[in-house]
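Here is how the chains run, residue by residue.
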Amino acid sequence: MEIDFNKNSDGLVPAIIQDARTKNVLMLGYMNEEAYTKTRETGKVTFFSRSNQRLWTKGEESGNFLHLVNLKVDCDNDSLLVFVTPQGPTCHKGTATCWGEENLSGLTFLEELEQVIANRKRDQENENSYVASLFQSGINKIAQKVGEEAIEMVIESKDENEELFLNESADLLFHYMILLQAKGYSLGDVTEVLQSRHEKKN
């Protein structure tokens, strides 16, 4: 990887920081050759502070480090795309990104739904909540519902009614998400397993 640190008189190149999982842009910083080398050596993203004229590792005071996953240089060799796993919020103002946005993946609604399910799990005294009542019934009942919905989805897949098939598919996914929460997991945990398998094959 050849990076042209001498293209600008200050020896700096812009470093775009992107979440390796969600693909969202988290922040923009600048690196000189020393910051780049330290980032590669430590696995924690390090920048050159233009205001303080020194190296600074993101999270050195807050503990909100950016753990390096991968680096790419652009076609002109004068800017970096840095893939990271963030530890906590990225912005110094406490937000997930420096644009004040949530760091959600493209499956935003599923993440929102997952949060609703998690809230219902914590608030099981809510008598009007179907999800809370399932959590109250215990893991066996939740697992049974997943099995029932899976069978119904398979049955509908053999027919030509697309609406019924999609509805049963939605029911299955919904109850599977409840089961994951009951076991203490999330869709993100399952995604990591799938991604790990994919990376091993490639």
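The structure presented is a predicted model; accordingly, all values stated were derived computationally and were not measured. (Residues numbered from 1 in each chain as written. Predicted model: local features only at pLDDT ≥ 70, side-chain atom pairs only at ≥ 80, totals over all residues. Heavy atoms only, no water.)

(A) Inspection of the UniProt feature "domain: Phosphoribosyl-AMP cyclohydrolase" (unreviewed entry) in the protein chain at higher detail. Feature annotation in UniProt places "domain: Phosphoribosyl-AMP cyclohydrolase" (unreviewed entry) on residues 27-99, given in this structure's numbering. The distance separating the terminal C-alpha atoms of residues 27-99 is 8 Å; by composition the span is 14% helix and 38% strand. (UniProt positions renumbered as here; feature names shortened; annotations may be inferred. Helix = DSSP H or I, 4+ residues; strand = E, 2+ residues; numbered from the N terminus.)

(B) A look at the state of the cysteines. Inspection of the entire model under this criterion finds zero disulfides. We note that Cys 98 lacks a disulfide partner, and the nearest cysteine sulfur, in Cys 91, lies 4.1 Å from it. (Disulfide = S-S within 2.5 Å.)

(C) Seen up close, the side chain of Lys 58. For Lys 58, the location among the structural elements is in the loop between strand E4 (54-57) and strand E5 (66-73). For the buried Lys 58, which has no salt bridge, the nearest side chain bearing the opposite charge is Glu 61, at an N-O separation of 9.7 Å. Of the polar contacts made by the side chain of Lys 58, one reaches the backbone oxygen of Thr 90; its length is 2.9 Å. The residues touching Lys 58, leaving out its near neighbours within four places in the chain, are Met 27, Val 45, Phe 47, Asn 64, Phe 65, Leu 66, Pro 89 and Thr 90. (Buried < 20%, exposed > 50% of the residue type's maximum accessible area, 1.4 Å probe, protein only. Lys, Arg positive; Asp, Glu negative; His and termini not counted. Salt bridge = Lys/Arg side-chain N within 4 Å of Asp/Glu carboxyl O. Polar contact = N/O pair within 3.5 Å; in protein donor to acceptor, adjacent residues only side chain to side chain. Contact = heavy atoms within 4.5 Å.)

(D) How the structure looks around the sheet that holds strand E2 (residues 25-31). Spatial strand order, E2-E1-E6-E5: four strands in an open sheet with mixed pairing. A strand with exactly one partner marks an edge of an open sheet, and here the two such strands are E2 and E5. On average, each strand axis in the sheet is inclined to that of its neighbour by 30 degrees, with strand direction left out of account. Bridge count between strand E1 (residues 13-19) and E2: six bridges; the pairing is antiparallel. Looking at the pairing, Gln 18 lines up with Val 25 of E2. (Pairing = 2+ DSSP bridges. Axes fitted to C-alpha atoms, helices over the stretch in contact; angles between N-to-C directions.)

(E) Representation of the pattern of salt bridges. Applying the stated criterion across every chain, the model contains four salt bridges. Notably, a salt bridge pairs Glu 148 with Lys 145, separated by 3.8 Å at the nearest N-O pair. Residue Glu 148 and its partner Lys 145 are both found in helix H4 (residues 139-157); the two are separated by three residues, about one turn of the helix. Here the residues in one salt-bridge network are Lys 145, Glu 148 and Glu 149, joined through shared partners.

(F) Focus on the environment of Leu 166. Within the fold, Leu 166 resides in helix H5 (residues 162-182). Along the primary structure Leu 166 and Glu 156 are separated by ten residues, whereas in three dimensions their C-alpha atoms are 8.7 Å apart.

(G) Up close: unusual backbone geometry. Of note, the phi angle at Gln 53 is positive, near 55 degrees, even though the residue is not glycine. Relative to the helices and strands, Gln 53 is located in the loop between strand E3 (46-49) and E4. The phi dihedral of Asn 77 falls on the positive side, at around 60 degrees, and the residue is not glycine. Inspection of the secondary structure puts Asn 77 in the loop between E5 and strand E6 (80-86).

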